[in-house]
Amino acid sequence: MLLALTQGTLGLASGSLVGFSLGLVGGGGSILAVPLLVYLVGVSDPHVAIGTSAIAVAVNAAVNLANHARAGNVKWRCASVFALAGVAGAFLGSTLGKIVEGQKLLALFAIVMMVVGALMLKGRSGVGEPSVRLNRENLLKLLALGLATGALSGFFGIGGGFLIVPALIAATGMPILYAVGSSLVAVTAFGLTTAANYALSGLVDWYLAALFVCGGVLGGLFGARSASSLAERKGTLNTVFAALIFAVAIYMLVRNLGLT
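Computed from a prediction, not measured in an experiment: that's the story for all the values here.

**Re the environment of Glu101**
Inspection of the secondary structure assignment puts Glu101 in the loop between α4 (76-99) and α5 (102-120). Counting along the chain gives 55 residues from Glu101 to Pro46, while the straight-line C-alpha distance between them is 8.9 Å. From its side chain, Glu101 meets the backbone nitrogen of Lys104 in a polar contact 3.1 Å long.

Quick look at the structure:
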C-alpha cells in the first residue's frame, strides 16, 4: 500500500512537471514523460512507460488543440490528411517498438532526446503563407511526411511535435503559428493510436496514466501562467530546458549502455 501510494505521488508530480514544462516553453515537455516514469516513478518495464506516457501525450495535445482551434490557428484539412497518414505510421511504429528489447529502446530514446534538445535551441521563423490550403501539390507531401513522423512517434511513444511542426511547414509552407496549432491534431491522433496499440498488449498502467494526466493538466495551467510573466526570458528558458533534456539523455545512455 505504501509503495503504491509513493509511486502514485511520484506519478502525479512527474505529470505536473511535464505539464508545467509544456505550458512554460510550449513544446518538448512530453519527451521527459518516459524517463520520469522509468527512473523516478519506478516503472520497471520501458514498454509500460511508453504506453502509459502516450495517453498523457494525447490528452495534453488535445487540451492545447482546443485552445489553438478557438484562436483559429488550425488548418484542419491539411492537418487531417497529415494525421490520417500518420495514424497508420504510428500503428506500425508502436507495433515495432513493442518487440524491441526494452533497454535498447531506452538507449535509442535517449538519442532522440538529444535531437529534441538541439532543435529547441534553434530559432523558429514566423514567415509563411497564411492562406495555404490543401491541394494536389501538397497532398502527397502531407501523406508521406505524416506517415514518416507517425512511425517515429509510435515507435518511441512521443508526441513528435518537434518533427511534425517542421514537416507541416515543409509540405505546405504555412506559418509557424499555424504549424504549431495544426500539429496538435496529429500529436493527439498519434498518441491515441500508440496508447491503444500498447493497451491491447496490456502495456498501460491506467492508474499511473490517470495521475499523470491530472498532474499534467494542473502543471500546464501553472506553466501557462508563468509563461506570460517570463515571456521576455523565453530564449533563456528554452536553453535551460534543452540542457535538462541533454542531461537526462546522457544519464539514460550511461545507464542503458553499461558505461557506469
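**Here we look at helix α8 (residues 176-200)**
If you check α8, its first and last C-alpha atoms are 36 Å apart, about what 25 residues at 1.5 Å a residue would give, namely 36 Å. Most of α8 sits out of view: 18 of its 25 residues are buried.

**Observations regarding the packing of aromatic side chains**
Both the distance between ring centres and the angle between the ring planes are used here to describe each pair of aromatic rings. Going through the model one piece at a time under the given rule, you end up with three aromatic pairs. Relative to Phe156, the ring of Phe109 lies with its centre 6.0 Å away and its plane at 70 degrees, an arrangement referred to as edge-to-face. Here the residue Phe109 occupies a position in helix α5, and Phe156 occupies one in helix α6 (residues 136-156), the gap between them amounting to 47 residues. The buried category is assigned to Phe109, whose relative accessible area is 1%. Assessed through its relative accessible area of 5%, Phe156 is described here as buried. What links up through ring pairs into an aromatic cluster is the set Phe109, Phe155 and Phe156. Stacked on the ring of Tyr178, the Lys or Arg Lys75 has its end atom at 5.0 Å from the ring centre.

The rules we used
Residues numbered from 1 in each chain as written. Predicted model: local features only at pLDDT ≥ 70, side-chain atom pairs only at ≥ 80, totals over all residues. Heavy atoms only, no water. Helix = DSSP H or I, 4+ residues; strand = E, 2+ residues; numbered from the N terminus. Polar contact = N/O pair within 3.5 Å; in protein donor to acceptor, adjacent residues only side chain to side chain. Expected span 1.5 Å × (residues − 1). Buried < 20%, exposed > 50% of the residue type's maximum accessible area, 1.4 Å probe, protein only. Phe/Tyr/Trp six-rings, centres within 6.5 Å; stacked < 30°, edge-to-face > 60°. Lys NZ or Arg CZ within 6 Å of the ring centre and 35° of its normal.

Purely geometric stuff here, so don't read any function into it on its own.
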